[in-house]
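Take a look at the letters that make up each chain.
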Amino acid sequence: MKPQTGSLPDAPGRDAARLGRRDVVVALVCGALLLVGWEAVCRAGFVSRLVLPAPSAIAVELWSAVREIVVGGPMRTHALTTIYEILAGFGLGVGLGFVLGVLISEIPAARRVAMPWLIALNAAPKIALAPLLLVWFGFGIGSKIVMAALIAFFPLLINVVSGLSQVEEAKLKLMRSLAASRTMTLAKVKLPDAMPAIFAGLKTAIVLAVVGAVVGEFVGAESGLGYVIKQSEFQLDVAQTFAVIVLLSIIGIAFFYAIEFIERRALFWTRPHP
Amino acid sequence: MLVALDAQAQAPGKERAAAIEVDSVSKRYRLGEETLAALEDISLVVGEGEFVSLIGPSGCGKSTLLNVVAGLVPATLGRVRVLGNDMTGPSRRIGMMFQSPVLLPWRTNLDNVLLPVEVFGLDRRKSATRARELLQLVGLAAFADRYPMELSGGMQQRVAICRMLLCDPAILLMDEPFAALDEMSREFMNVELLRIWEALRSTVLFVTHNIGEAVFLSDRVIVMSARPGRIARVVRVELPRPRTKATLSSDTFFHQVTAVRKAFDETADRIAS
Ligand SMILES: Nc1ncnc2c1ncn2[C@@H]1O[C@H](COP(=O)(O)OP(=O)(O)OP(=O)(O)O)[C@@H](O)[C@H]1O
Ligand SMILES: [Mg+2]
């Protein structure tokens, strides 16, 4: 996973990845057709609304949830709780991942001691720790933040380590020829050069932080969107379950694109033209 | 005689103090179980203010020798003295340039030129004026606040020249700095480099594959042979300075190039037989 740092004027991958206007139209039309079909199936009574509610019913639930968030109400508290858990967990996990990643990359002894443990921990299903975290950190937001931090931590750590290890040899040689210290080389060359990889890690981490917070709430909570999902399941209110899932997706997508927005501005040199 | 071969050419000449002294240096690289002799018993002296080129076939150890002099690679045997001191590692009094410009894409061209100042912990403000002067000198004043990716390869190498010169190093080590450029740009850069160097008169050790380039730039050309890397011939170039574009089409230049080419071919023949 080599981060793209070159200044090639026309990197073909970028254009290919960017959606054309026609692709967007086709995607929207397909989505609309799917929704219409789904609605028709539900209206015709082929499936129970306890199994699959109609898109219109979900839309109504979503609308009331959004209104509650805007004007104030229980849903606002739940949404804010979850957003807080996501951001706090993300910050904690990413901060630790960054610091540890830099230490592991720069200090061979730290690498030898920590790497085997980290590889083992990374392979472990961290989600399975959620019940334990509940015991250790309590019913409140603490256990959710730790859960989110725990799974946001690894992608960042790994990308920091790989980003710092893939710095162009010529740049390092330049710094050596200037008799630059390790910290100087790290600050002036290695970290900026690793930024594309680090941002890729941040984007993975934010998506996982959402998963972590919601799973944490599933296991046991008294507030939050994950808690609302569990409540609505008990009440067989499947439409609300769907509405909250849509809400969580919107939150995740918003955070993801916020990071991407910052990346585009900050890493201007990775774009074909400024 | 236009070309003074070997015996007289070995010494830096006349009243020059030694800036670089390489004394019986050998370098062996370890490749797993085996060792590769990259340099074998190299001795040379470059005088203060002298411009010396190293030429030789690919893989003969030119870069290795340059890196040893730069303190980037330790010699296996022998001794290197730079400006009268034993080499212990990279020195701030040495400026380097490589085959690629190695500019940092997130820094403006001016900030790239200023990199050494930041690394040395000197005052950036004071040096910024000097950096702009240097960019002006190489014709890039208008691009100071732009980014390297907006420049052509030759322009990027000119930024690298400015970066190398910023802190007034007494010694310049250049490893095929213009090899990646087309013939026209390379010629232009050679003329530019000499024009700048005439004013500074720093000591230069310059690696190249190109005989014409070596002759045009240098006071002496050192011809190396391969496997293991040895000094085969040293040729003194008797071309008056300052040298300009006109020099390139003079008869004298042509004769000098022929002489170096002969030395080069004799070396190759000796290896072949
Ligand atoms: N770091 C290294 N480890 C092992 N062997 C090396 C290393 N660097 C160079 N060599 C070997 O040492 C020999 C000399 O290499 P060097 O790069 O100095 O040659 P060169 O004259 O600069 O070649 P070119 O003209 O192609 O740049 C080569 O055979 C090369 O394979
Ligand atoms: Mg080389």
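Source: prediction; values computed, not measured.

Definitions and cut-offs
Residues numbered from 1 in each chain as written. Chains lettered and ligands numbered in written order. Predicted model: local features only at pLDDT ≥ 70, side-chain atom pairs only at ≥ 80, totals over all residues. Heavy atoms only, no water. Helix = DSSP H or I, 4+ residues; strand = E, 2+ residues; numbered from the N terminus. Buried < 20%, exposed > 50% of the residue type's maximum accessible area, 1.4 Å probe, protein only. Areas by Shrake-Rupley, 256 points an atom, 1.4 Å probe, with all protein chains shown as cover. Lys, Arg positive; Asp, Glu negative; His and termini not counted. Charge placed at Lys NZ, Arg CZ, Asp CG, Glu CD. Pairing = 2+ DSSP bridges. Contact = heavy atoms within 4.5 Å. Buried area = accessible area lost by both parts, 1.4 Å probe. Salt bridge = Lys/Arg side-chain N within 4 Å of Asp/Glu carboxyl O. Polar contact = N/O pair within 3.5 Å; in protein donor to acceptor, adjacent residues only side chain to side chain. Nonpolar A, V, L, I, M, F, W, Y, C, P; charged D, E, K, R; others polar. Near = heavy atom within 4 Å.

> Quick question: what am I supposed to make of the overall build of chain A here?
Scanning chain A from N- to C-terminus turns up 11 helices and zero strands. Going residue by residue from the N terminus, the α and β elements of chain A occur as α-α-α-α-α-α-α-α-α-α-α. Considered along the principal axes of its C-alpha atoms, chain A spans approximately 75 × 50 × 35 Å. Going through the 274 residues of chain A one by one, you find that 42% of them count as buried. Carbon together with sulfur atoms contributes 71% to the accessible area of chain A, which is approximately 14,800 Å² in total. The positive charge centre, built from 24 side chains, and the negative charge centre, built from 17, are 8 Å apart in chain A.

> Please explain the sheet that holds strand β2 (residues 18-31) of chain B as it appears in this structure.
Within a sheet, neighbouring strands are paired by backbone hydrogen bonds and run either parallel or antiparallel to one another. Residues and elements named next belong to chain B. Taken in spatial order, the four strands of this open sheet run β3-β2-β5-β6, and their pairing is antiparallel. Every other strand in the sheet has two partners, leaving β3 (34-47) and β6 (85-86) as the edge strands with one partner each. The pairing of β2 with strand β5 (residues 77-82) spans five bridges and is antiparallel. Residue pairing for β5: Asp 23 is matched across the bridge by Arg 79.

> Explain the interface of chain B and chain A to me, please; I cannot follow it from the model alone.
When the parts of a complex come together, some accessible area is lost, and that lost area is often taken as the interface size. Between chain B and chain A, the contact holds 21 residues from the first and 22 residues from the second. Summing both sides of the interface, chain B and chain A together bury roughly 2,000 Å²; the carbon and sulfur share of this comes to 76%. Contact with chain A buries surface across chain B, with B:Trp106, B:Val119 and B:Met149 losing the most and accounting together for 34% of the total. With a shortest N-O distance of 2.9 Å, A:Lys188 and B:Glu118 are connected by a salt bridge. Run the count over chain B and chain A and you get two residue pairs in polar contact (both at pLDDT 80 or more). In terms of residue count, helix α3 (residues 115-120) of chain B provides more of the side of chain B that touches chain A than any other element does, five residues in total. Considered class by class, the residues forming the side of chain B that touches chain A number 15 nonpolar, two polar and four charged.

> Hey, could you run me through the site of ligand 1 in this one?
All names here are of chain B. Ligand 1 sits among 14 residues. The nearest are Ser 58, Gly 59, Lys 62, Ser 63 and Thr 64. Within the contact set of ligand 1, an oxygen atom lies 2.5 Å away from a side-chain nitrogen or oxygen of Thr 64. Take His 209: an N or O atom from its side chain is 3.0 Å from an oxygen atom of ligand 1. When ligand 1 sits alone it has 630 Å² of accessible area, and the protein chains cover 66% of it. For the shell around ligand 1, the secondary structure elements donating two or more residues are β2, β3 and α1 (62-70). Ranked by the residues each element gives to the shell around ligand 1, the list is headed by α1, at three residues. Its residues assigned to classes, the shell around ligand 1 comprises five nonpolar, six polar and three charged.

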